[in-house]
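Residues per chain are reported as follows:
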Amino acid sequence: MQKHILLYFLTFILFSCGQNHETPATVTEDLGEPKEVSIIPMPLEISELGKNYRIDLSSTIYFHGRQDELQSTAQYLEERIEKATSNLTLQRSNEKSTEKGIHFILNQTPDTTLGSEGYTLIADENLKITANEPAGIFYGVQTLLQLLPAPIYSDKGELTELIIPAVEITDVPRYEYRGMHLDPCRHFFSVEFTKRYLDYMAYHKLNKFHWHLTEDQGWRIEIKKYPKLVELGSKRSGTLILNHDTPWSAQQYDTIPVEGYYTQEDIKEIVAYAAIRHIEVIPEIEMPGHSTAALVGYPQLSCTGGPFEVLQRPGVIPDVYCAGNDSVFTFLKDIIDEVVELFPSQYIHIGGDECPKERWEACDKCQKRMRDNNLANEQELQSWFISEMEKYINEKGKTIIGWSEIMEGGIAPNAVLQSWLGTTAGVEAAKEEHKAIMSPYQFLYFDGIYVDKAHKEMEPFGQSYCWTNTEKVYSFDPTPDTIPAEYKSYFIGAEATMWTEFITTEEHLEYLLMPRISALSEICWTMKDRKDLEGFLMRLDQQYMRFDQMGANYRVPHPIVPDTISLSITDSIKIEHSSKLVDIRYTLDGSDPDKNASLYSSPFKVTEGGLLKTRAFMANGKMSSIATALVLLDATDL
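Residues numbered from 1 in each chain as written. Predicted model: local features only at pLDDT ≥ 70, side-chain atom pairs only at ≥ 80, totals over all residues. Heavy atoms only, no water.

1. Considerations on the layout of surface pockets
- When its volume is computed, the largest pocket comes out at roughly 640 Å³.
- What lines the largest pocket is a set of 30 residues, and nearest its centre among them are V451, N469, H558, P559 and I560.
- Contributing elements (two or more residues each) for the lining of the largest pocket: helix 13 (470–475), helix 16 (533–550) and strand 23 (627–633).
- The element contributing the most residues to the lining of the largest pocket is helix 16, with three residues.
- Broken down by class, the residue content of the lining of the largest pocket amounts to 15 nonpolar, eight polar and seven charged. (1 Å grid on protein atoms, 1.4 Å probe; cavity = no way out; pocket = protein on both sides within 12 Å on 5 of 7 lines; lining within 4 Å. Points joined across faces, edges and corners; volume = space filled by probe spheres on them. Helix = DSSP H or I, 4+ residues; strand = E, 2+ residues; numbered from the N terminus. Nonpolar A, V, L, I, M, F, W, Y, C, P; charged D, E, K, R; others polar.)

Have a look at this one:
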């Protein structure tokens, strides 16, 4: 990972508790006006003490209780130091000291109000992060990092000083499941980028990484017993061309190979990397549909016998695993045997979505399976299929998660439901006393563009049927207001998805991820009565500066203007924007605004109609997409 990605993170020297330890400066010195507090996700309680606190470069970190379990968080900080500067070293102390420094404290008697992920952070006479479990300490560290000023480095990359607002914070998450999904099947993403993705998650206190590893368009996980899965299933010779100028109906394909898979050693590396960040990696092994890439090497597991090729286009095809073939279940159970050894997660996602039934309807084996098990239709056959696999996965000590469609024909007895087709399936599952993860495509499909379909030309080409902007993400509540109180506990959280049919580069993926991931973090972590869109958008300004220091390709919001502006000669044009960091530039002659275009500072009048184009510019040169408005001037006023 590049050194600049996390330069904004905490940098200090942690010396051992040896002799001649210098006493750091006290908080009573004049440290200027109190620093701004800007934290995402918003904590449960914040008390600003009206002063600042200095973290000295010769501070010591102390472990209080179960020090071995806190070493990974100390190591996490070490990595931040190494990325920030090459001439500092770090040491740790296991001494339970009361000396001034940075104290990681695990409660000997659990504080029931904090649960397993909550924490308190006090920066006053001392700096203390207290929690019941190491995860809480880690999240307290994430909050500490956001208290630091941005930027904090000189042009040479040398540390200046570390002054934070003096605060007392108590914080616990609203939901236990705070997830982000990644699909490397449609387009493959490297181990290094996957780690960077996990860093973005950790920074936002997200704790579930849903890794979609098998698809029609590519099989991405090494299974040693079935080598053809990656030898044949991880490669395709081209992809359907989709852009603003080439619609789906054109059916034009490129000849650019797409290939790649994760070895079992790669997977172990990523799982370990995630564990340090208290992120659970949940693998998805699709069944019974979206299985073309597996059938390429093992066509006998289909209803027709093939042949097959790795799919080059998005969408759904009729060929799926044969539900009447016992060899299918042997095959899938063998895969699960290897998967459970690689992933310590409590969950395995089995997909279960978008499974056409037409092959089953025409398959003698599938029809016999239905008769033998008194199944009324193919929907019940799918439920039977999922339940058979659930039994085996449960025997391995794991719980299955499935998409909305696993409700069809009856949900498997112990399954967790992930609701993507709106919220209906999640509500139905909760009423049947199944846990539900909410991922409605209308709000949380991050592969969707930021603007509605009518304005799609504004944005890089992408999925437009599931568009969602940052404000729309923020408006979503994972627990429906209409659900009876007795079922609310079954809603365990939310997850945003990142499908990659239309995403071919890391830069485009980051553009779609940020800043929407910040809104996701707040709907998952922050208590409902603490949410405030206006305040969140103000805090995003500080977040953009942190994204800069990460080297992330975030999206700059575009200015807001109506499609058509009808004016009298006395009326003015107003351009709005959610950020205070940007300059808004505009043109009235139809040309695209650049940094030399007219600067918007206040509403302005025009003497003739025309085409208004406006764009936001950051100080670093990043710019938004262009918003356009047709200006109509009332001719009677001329």
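2. Brief notes about helix 3 (residues 191–203)
- Here helix 3 contains 13 residues, and its C-alpha end-to-end distance of 19 Å stays within 8% of the 18 Å for a straight helix at 1.5 Å per residue.
- Buried within helix 3 are the following residues: V191, F193, T194, K195, R196, Y197, L198, D199, Y200, M201, A202 and Y203.
- One or two positions beyond helix 3, positive phi appears at K205, with a value near 60°. (Expected span 1.5 Å × (residues − 1). Buried < 20%, exposed > 50% of the residue type's maximum accessible area, 1.4 Å probe, protein only.)

3. A closer look at helix 15 (residues 516–525)
- When you tally the buried positions in helix 15, you get 10 out of 10 residues, the bulk of the element.
- All of the buried residues along helix 15 are R516, I517, S518, A519, L520, S521, E522, I523, C524 and W525.

4. Describing the pairing of strand 22 (residues 610–617)
- With six of eight residues buried, strand 22 lies mostly within the body of the structure.
- Pairing of strand 20 (residues 583–587) with strand 22, which is carried by five bridges, proceeds in the antiparallel orientation. For Y586, the partnering residue across the bridge sits in strand 22 and is T614.
- Inspection of the sheet shows strand 22 paired to strand 23 by five bridges, in the antiparallel sense. By the bridge assignment for strand 23, K613 is matched with T628. (Pairing = 2+ DSSP bridges.)

5. Let's talk about the sheet that holds strand 22
- The strand order across the open sheet built from five strands is 19-23-22-20-21, with neighbouring strands paired in mixed fashion. With partners counted over all chains shown, the strands left at the sheet margins are strand 19 (564–567) and strand 21 (598–600), one partner each. On average, each strand axis in the sheet is tilted by 35° relative to the strand beside it, whichever way the strands run.
- For strand 20 and strand 21, the ladder comprises three bridges, and the chain directions are antiparallel. Within the sheet, the bridge partner assigned to I584 lies in strand 21 and is Y600. (Axes fitted to C-alpha atoms, helices over the stretch in contact; angles between N-to-C directions.)

6. Some thoughts on a nonpolar patch on the surface
- Side chains of L611, L630 and L632 sit close together on the surface and give an oily, nonpolar patch of about 220 Å² of accessible area.
- Note that L632 resides in strand 23. (Patch = residues over 30% accessible without salt bridge, like charges linked within 9 Å, V, L, I, M, F, W, Y side chains within 5 Å. Areas by Shrake-Rupley, 256 points an atom, 1.4 Å probe, with all protein chains shown as cover. Salt bridge = Lys/Arg side-chain N within 4 Å of Asp/Glu carboxyl O.)

7. Remarks on the nonpolar core
- One finds W219 and Y321 to be the most contacted residues of the largest nonpolar core, which totals 166 residues.
- Of the residues forming this core, the biggest block, nine residues, is contributed by helix 7 (residues 326–342).
- Among the nonpolar cores identified, the runner-up in size contains seven residues, and Y177, Y347, I401 and I437 belong to it. (Core = buried A, V, L, I, M, F, W, Y, C linked by side-chain atoms within 4.5 Å.)

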